[in-house]
Amino acid sequence: MLAFLRLYPSPLFGRQGVDLDFPLLAGCLALLGLGLVMIASASTEVAAVNAGSPLYYMLRHLIYLLVGLAAAVVVLLVPLASWQRFSAMALLAAFALLTLVLVPGIGREVNGSMRWIGFGAFNVQPSEIAKLLVVIYLAGYLVRRQAEVRESWAGFFKPFIVLLPMAGLLLLEPDFGATVVMMGAAAAMLFLGGVGLLRFGLMVALAVGAVFVLVQTQEYRLQRLITFTDPWADQFGSGYQLTQALIAFGRGEWLGVGLGNSIQKQFYLPEAHTDFVFAVLAEELGMIGALTTVALFVFVSVRALYIGLWAEQAKQFFAAYVAYGLAFLWIGQFLINIGVNIGLLPTKGLTLPFLSYGGSSLVICCVSLALLLRIEWERRTQLGSEDVDFAESDFTEEPAHAR
């Protein structure tokens, strides 16, 4: 397969050798490396008890990371035109995955949620794949129906005919956090695709109303909303996770207690290596380490948005919308996870991109990074631009760089 893909121009096999956007790559690799270190630290106690080895989760995380990097290499070789050609198929694949996970005997239930499909010792989370596929589908739709989206109500509402049933499937798992992130990214893509302020304002109002209804109809969601406003009122019950996370932040102070020296990870803070890994990071590395991590996330997110802007300026609209969508997926998950950890949002089971333990999330983050690197390279070489023709020699001779 790799030999076949090498027939196409790519940022990995050219006259220049490896030709990638170094700032974005360096920022994401730093987050991946930090995530591996924090998983090794945050999971030692629970791994020793549950699996008999303190490095169990770290080794699994390393395997997921290698799989993710291998998938990223393959994605770097695939032209964006191929993703655009099969964008409608991406939607069907997303529906199929979200339906399969709800089928008894196929879906695997963990902590009361049916969010995983089991493959032996490993689980795949379809919602992570579906979010990426939705971005690809919606980018293709915005390119095909650009004038309709900008000028008519029909073009604005048509995507929701498929997005709302998909959100319904996510809520059946239930996965409220993934639903919010996916719909938020879709809304941002539509706005950047040219939807007018009136239609966008209506969409925001309907979304807020839908969230209010969903919170009111499920007792556990309402309880979470009440608890997060004052977690100390029931610190050994519904407020336990948040209070323990806040204790971790308090213990970290400015410089932290030192890598590996967290007390909260010793069965005080549940899900210390998954949903609350940032709290352990803040305890061990302090406010300086936490703010540095936030700065890295801000940098890679803003860089991804700029890659989308540059692609749009080069009239590579599909690439631009994909970049915007991926950036907002990262931003949404980052804001929700950090907000939950510091008590600004109700407790939600949503991983922190690049850092949290979780195979599907980590692999999809690597694939998203590869897509952004491919978009930046095609924009810089003008591959796929509407008004540029290419000859084979354009990719066998040393290209001129814009940077």
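On a predicted model such as this, the values are computed, not experimentally measured, just so you know.

Asks: Please set out the packing of helix α10 (residues 176-192) against helix α15 (residues 317-342) residue by residue, giving values where relevant.
Replies: The relative placement of two packed helices comes down to the angle between their axes together with the axis-to-axis distance. Where α10 meets α15, the axes come as close as 9 Å, and the angle between the chain directions of the two elements is 140 degrees. With respect to α15, the element α10 is oriented oblique. Helix-helix and strand crossings are classified by hand; for α10 and α15 the assignment is right-handed. Residues Val180, Val181, Ala185, Ala188, Met189 and Leu192 of α10 form the contact with α15, whose participating residues are Tyr321, Tyr324, Gly325, Phe328, Leu329, Gly332, Gln333 and Ile336. Each residue belonging to the contact of α10 with α15 can be placed in one class, and the counts come to eleven nonpolar, three polar and no charged.

Asks: An account of the sheet that holds strand β3 (residues 122-124) is needed here, citing residue identities and associated values.
Replies: Overall, antiparallel pairing links the three strands, which are arranged β1-β2-β3 in an open sheet. Every interior strand has two partners, whereas the edge strands, β1 (107-110) and β3, have only one. In this sheet, neighbouring strand axes are inclined to one another by 55 degrees on average, regardless of whether the strands run parallel or antiparallel.

Asks: How would you summarise the environment of Cys28 if you had to cite specific residues and measurements?
Replies: With respect to the helices and strands, the residue Cys28 is situated in helix α2 (residues 22-42). The class for Cys28 is buried, based on a relative accessible area of 0%. Taking the C-alpha atoms as reference, Cys28 lies 9.8 Å from Pro353; in sequence the two are 325 residues apart.

Asks: I'd love a proper account of helix α4 (residues 56-77), names of residues and values included.
Replies: Between its terminal C-alpha atoms α4 stretches 33 Å, which fits the 32 Å expected from 22 residues at 1.5 Å a residue. Every buried residue of α4 is accounted for by Tyr57, Met58, Arg60, His61, Tyr64, Leu65, Gly68, Ala72, Val75, Leu76 and Leu77.

Asks: Residues and numbers for the packing of aromatic side chains, please.
Replies: This structure, assessed with the given rule, holds nine aromatic pairs. Arranged with centres 5.3 Å apart and planes meeting at 80 degrees, the rings of Tyr57 and Tyr357 form a pair that is edge-to-face. Linking Tyr57 in helix α4 with Tyr357 in the loop between α15 and α16 (359-381), this pair joins segments that are 300 residues apart in sequence. Across the pair, Tyr357 and Tyr57 agree in class, each one buried. On the basis of an interplanar angle of 40 degrees and a centroid distance of 5.9 Å, the ring pair of Tyr306 and Trp310 is categorised as tilted. Residue Tyr306 and its partner Trp310 are located together in helix α14 (residues 277-313), separated by four residues, close to a single helical turn. A residue is classified by how much of its surface remains accessible, and Trp310, at 25% relative accessible area, is partly exposed. Of the aromatic side chains, those joined through ring pairs into one cluster are Tyr56, Tyr57, Tyr64 and Tyr357.

Asks: Account for unusual backbone geometry, naming residues and giving values.
Replies: A cis amide bond, omega -5 degrees, links Glu173 with the succeeding residue Pro174. Residue position: Pro174 is located in the loop between α9 (153-172) and α10. In the Ramachandran plot, Glu253 falls in the positive-phi region, its phi being about 50 degrees despite a non-glycine side chain. Considering the arrangement of structural elements, one finds Glu253 in the loop between α13 (240-252) and α14. The residue Lys315 is not glycine, and still its phi comes out positive at about 65 degrees. Along the chain, Lys315 turns up in the loop between α14 and α15.

Asks: A description of the confidence of the model for the protein should follow, citing residues and the corresponding values.
Replies: For the protein, the average pLDDT comes to 86, and 88% of its residues sit at 70 or higher. When the elements of the protein are averaged for pLDDT, helix α17 (residues 393-396) gives the smallest value, 44, and α14 the largest, 96. Below a pLDDT of 50 lies the segment residues 387-403, which in the model reaches 28 contacts outside its immediate sequence neighbourhood of four places, other chains included.

Asks: Outline the pattern of salt bridges, supporting the account with residue identities and numerical values.
Replies: Applying the stated criterion across every chain, the model contains ten salt bridges. A salt bridge links Asp21 to Arg303; the shortest N-O distance between them is 2.5 Å. Of this pair, Asp21 sits in the loop between α1 (2-5) and α2 while Arg303 sits in helix α14; the two residues are 282 residues apart in sequence, bridging distant segments of the chain. The same class applies to Asp21 as to Arg303, namely buried. Several salt bridges share partner residues, and in doing so they unite Asp19, Glu376, Arg379 and Arg380 into one network.

Parameters and conventions
Residues numbered from 1 in each chain as written. Predicted model: local features only at pLDDT ≥ 70, side-chain atom pairs only at ≥ 80, totals over all residues. Heavy atoms only, no water. Axes fitted to C-alpha atoms, helices over the stretch in contact; angles between N-to-C directions. Helix = DSSP H or I, 4+ residues; strand = E, 2+ residues; numbered from the N terminus. Parallel < 35°, antiparallel > 145°, perpendicular 65-115°, else oblique. Left-handed = near helix turned anticlockwise from the far one by under 90°. Contact = heavy atoms within 4.5 Å. Nonpolar A, V, L, I, M, F, W, Y, C, P; charged D, E, K, R; others polar. Pairing = 2+ DSSP bridges. Buried < 20%, exposed > 50% of the residue type's maximum accessible area, 1.4 Å probe, protein only. Expected span 1.5 Å × (residues − 1). Phe/Tyr/Trp six-rings, centres within 6.5 Å; stacked < 30°, edge-to-face > 60°. pLDDT = per-residue confidence, 0-100. Salt bridge = Lys/Arg side-chain N within 4 Å of Asp/Glu carboxyl O.

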